[in-house]
Amino acid sequence: MTTDTELLELISSRLAQVVPAHKRPAALHEPELGEAEQEQLQHVLASGYISSVAPHVQQFESELARIAGVRHAIAVVNGTAALHLALLTSGVQPSDEVIVPALTFVATANAVSYCGAVPHFADSSLPDLGMTPDRLEHYLAQETKTRGGQCINRRTGRTIRAMIAVDVLGHPADLPALTAICRSHRIALIEDAAAALGSFRDGVACGAWGRSAAVSFNGNKMISTGGGGALLTNHDTVADAARQLASTAKQPHPWRYDHTRVAYNYRMPGLNAALGLAQLGRLPDLLARKRRLAEAYQEALAGIAEVAVLTEPRRTHSNYWLNALVLMRGHEQLLEPLLERLHGEGLQARPLWTPLHQLPMYSDCPRMDLTGTEDLAARVLCLPSSPRLEGPSAL
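Residues numbered from 1 in each chain as written. Predicted model: local features only at pLDDT ≥ 70, side-chain atom pairs only at ≥ 80, totals over all residues. Heavy atoms only, no water.

## Looking at the overall build of the chain
Thought 1: Summing up its helical and strand segments, the chain has 11 helices and 16 strands in all.
Thought 2: In terms of overall size, the chain behaves like a compact globule, its C-alpha atoms giving a radius of gyration of 21 Å where 395 residues would be expected to give roughly 21 Å.
Thought 3: Projecting the C-alpha coordinates of the chain onto the three principal axes gives extents of approximately 75 × 60 × 35 Å.
Thought 4: Every one of the 395 residues in the chain was classed for burial, and the buried ones make up 55%.
Thought 5: Contacts in the chain between residues at least 24 apart in sequence constitute 72% of all its contacts with a sequence separation of at least 6.
Thought 6: Total accessible area on the chain is roughly 16,600 Å²; 52% of this is exposed by carbon and sulfur atoms.
Thought 7: With 35 positive and 39 negative side-chain charges, the chain shows a spacing of 7 Å between the two charge centroids. (Helix = DSSP H or I, 4+ residues; strand = E, 2+ residues; numbered from the N terminus. Rg over C-alpha atoms; globule rule 2.2 N^0.38 Å. Buried < 20%, exposed > 50% of the residue type's maximum accessible area, 1.4 Å probe, protein only. Contact = heavy atoms within 4.5 Å. Areas by Shrake-Rupley, 256 points an atom, 1.4 Å probe, with all protein chains shown as cover. Lys, Arg positive; Asp, Glu negative; His and termini not counted. Charge placed at Lys NZ, Arg CZ, Asp CG, Glu CD.)

Here it is, written out as structure tokens:
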């Protein structure tokens with residue numbers, strides 16, 4: 001029988017086949033920048049239009065919408081702002097509830113709180129780390145009722161206005177099933193596709209599901225604008241409302257400053273958009289290299305019964321933003337020692353997020369049984385996934 005020490009040594013030696021010493025230290029995920037980014041930045045600097053009125057912003061939005069397969073992309077300062085706009089344009093009001101997976105980055109719940117609404121936590125499971133549709137449907141059937149065409153939480157009396165489906169680590173959630181649940185319960189579906197640019201479910205791009213979606217261009221995402229995000233939608237009315245809310249609700253006029261409501265200054269500056277344009281040009285190559293890296297991890301760790309590498313779910317095509325190692329049940333005690341060892345060896349691995357219901361500000365929020373979430377948080381860690389680890393494309 002393999003001891004814990006022997007298993008740690010085995011995993012370490014197999015990972016060295018994928019990330020040898022000359023590629024270390026290896027960050028969890030780092031951007032790739034070069035001449036194309038420098039040229040775009042030089043263009044926007046030479047133009048003098050470095051703010052949100054720069055033509056580069058509109059060009060970036062147009063190219064992003066084309067790649068994401070949606071009618072509209074509204075570039076904003078970060079993915080959290082995009083989620084906030086998505087919730088507001090879905091009619092989320094103070095004291096409403098929004099279904100959110102407990103296994104996600106805190107920004108998903110924070111955006112709900114910005115609306116004065118309450119996160120209502122749902123459980124997650126393999127194979128995608130996303131919300132578990134069958135258990136969620138059963139839970140909603142027991143815990144909610146329909147009144148006046150709205151979904152009402154029987155226990156709190158609050159309206160459940162929306163659901164945020166998260167594409168965890170870039171793997172598409174079960175979006176068809178979650179869409180059906182939202183339709184059945186008259187809940188607006190919002191997709192948190194922050195890390196899923198380039199991923200597909202049933203041939204439909206992540207970001208193109210639901211009423212709207214949010215993507216992120218933080219420094220560690222598939223493409224980076226330094227800081228930034230975008231709201232994606234196929235609905236003209238959502239796009240118009242989001243643009244107004246992101247631009248302080250200022251009415252178009254050559255010199256007057258008239259505003260129709262309290263709104264937000266969420267606009268993306270031209271400097272960031274210039275970076276984004278160059279990064280979008282890299283996307284096909286980045287996706288190809290990240291897929292090869294995922295395959296290398298899968299091959300290197302094959303045959304170790306105590307662990308598995310997370311692979312794309314059936315009927316999906318994942319961007320493999322972050323590769324994940326899953327410890328088999330009964331080996332949860334290895335999570336912290338393995339993380340400590342990998343960091344000591346120059347591999348910036350990390351666990352999944354602390355489940356949101358375990359954070360002090362969200363500990364009293366309504367929730368279904370979260371056994372699956374707590375189980376996954378104890379057994380999953382993310383591996384270094386920068387495209388540079390697989391080298392340049394041969395294409």
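## Some points on the nonpolar core
Thought 1: By size, the foremost hydrophobic cluster in this structure holds 103 residues, and its most contacted members are L136, M163 and L169.
Thought 2: Aside from chain neighbours lying at most four places away, what touches L169 is L129, N319, Y320, W321, L322, A324, R350, L352, W353 and C382.
Thought 3: In terms of nonpolar packing, the next biggest core, distinct from the first, is built from 26 residues, V18, V307, L327 and L347 among them. (Core = buried A, V, L, I, M, F, W, Y, C linked by side-chain atoms within 4.5 Å.)

## Remarks on the sheet that holds strand β13 (residues 316–317)
Thought 1: Pairing in this open sheet of three strands is antiparallel, and the strands run β9-β8-β13 from one edge to the other. Among the strands making up the open sheet, the edge pair consists of β9 (204–205) and β13.
Thought 2: Examined bridge by bridge, strand β8 (residues 200–201) and β13 share two bridges and lie antiparallel to one another. Its bridge partner being in β13, R201 is matched across the sheet by T316. (Pairing = 2+ DSSP bridges.)

## Notes on the packing of aromatic side chains
Thought 1: Scanning all chains against the criterion turns up three aromatic pairs.
Thought 2: Between the aromatic rings of Y264 and Y266, the centroid separation amounts to 5.2 Å while the plane-to-plane angle is 15°, which identifies the pairing as stacked.
Thought 3: Its relative accessible area of 24% is what places Y264 among the partly exposed residues.
Thought 4: What makes Y266 buried here is its relative accessible area of 16%.
Thought 5: Just above the ring of Y257 sits the side chain of K250; from NZ or CZ to the centre is 4.8 Å. (Phe/Tyr/Trp six-rings, centres within 6.5 Å; stacked < 30°, edge-to-face > 60°. Lys NZ or Arg CZ within 6 Å of the ring centre and 35° of its normal.)

## Digging into the environment of S95
Thought 1: Assignment of secondary structure puts S95 in the loop between α4 (79–88) and β2 (97–101).
Thought 2: A residue is classified by how much of its surface remains accessible, and S95, at 46% relative accessible area, is partly exposed.
Thought 3: Note: C-alpha distance between S95 and R243 (148 residues apart in sequence) is 25 Å.
Thought 4: Those residues in contact with S95 that sit more than four places away from it in its chain are G116, A117 and R158.

## Overview of the sheet that holds strand β6 (residues 160–166)
Thought 1: The mixed open sheet is built from seven strands, whose spatial order is β1-β11-β10-β7-β6-β2-β3. The open sheet terminates on both sides in strands that have one partner only, identified here as β1 (72–76) and β3 (118–122). Averaged over all pairs of adjacent strands, the angle between strand axes in this sheet comes to 25°, irrespective of strand direction.
Thought 2: Relative to strand β11 (residues 229–233), β1 is paired through five bridges, and the arrangement is antiparallel. Pairing of I74 across the sheet is with L231, part of β11. (Axes fitted to C-alpha atoms, helices over the stretch in contact; angles between N-to-C directions.)

## Topic: the packing of helix α2 (residues 35–47) against helix α9 (residues 270–301)
Thought 1: Interhelical geometry of α2 versus α9 gives an angle of 150° and a closest axis separation of 8 Å. Judged by the angle between their axes, α2 and α9 are roughly antiparallel. Where α2 crosses over α9, the handedness of that crossing is right-handed. Of the residues in α9, those in contact with E35, A36, E37, Q40, L41, V44 and L45 of α2 are G270, L271, A274, L275, L277, A278, Q279 and R282.
Thought 2: In terms of residue class, the contact of α2 with α9 is built from nine nonpolar, three polar and three charged. (Parallel < 35°, antiparallel > 145°, perpendicular 65-115°, else oblique. Left-handed = near helix turned anticlockwise from the far one by under 90°. Nonpolar A, V, L, I, M, F, W, Y, C, P; charged D, E, K, R; others polar.)

## Here we look at the pattern of salt bridges
Thought 1: Scanning the entire structure with this criterion turns up 22 salt bridges.
Thought 2: Measuring nitrogen to oxygen at the nearest pair gives 2.5 Å for the salt bridge that ties E30 to R388. Of this pair, E30 sits in the loop between α1 (4–18) and α2 while R388 sits in the segment after β16 (380–383); the two residues are 358 residues apart in sequence, bridging distant segments of the chain.
Thought 3: According to the relative accessible area criterion, E30 is partly exposed, its value standing at 28%.
Thought 4: The exposure class of R388 is partly exposed, given its relative accessible area of 32%.
Thought 5: Between E312 and R291 there is a salt bridge whose closest N-O contact spans 2.7 Å. Pair noted here: E312 is in the loop between β12 (307–309) and β13 and R291 is in helix α9, with a separation of 21 residues, a long-range link.
Thought 6: A relative accessible area of 25% means that E312 is categorised as partly exposed.
Thought 7: One continuous salt-bridge network, built from bridges that share partners, spans E32, E37, R282, D285 and R289. (Salt bridge = Lys/Arg side-chain N within 4 Å of Asp/Glu carboxyl O.)

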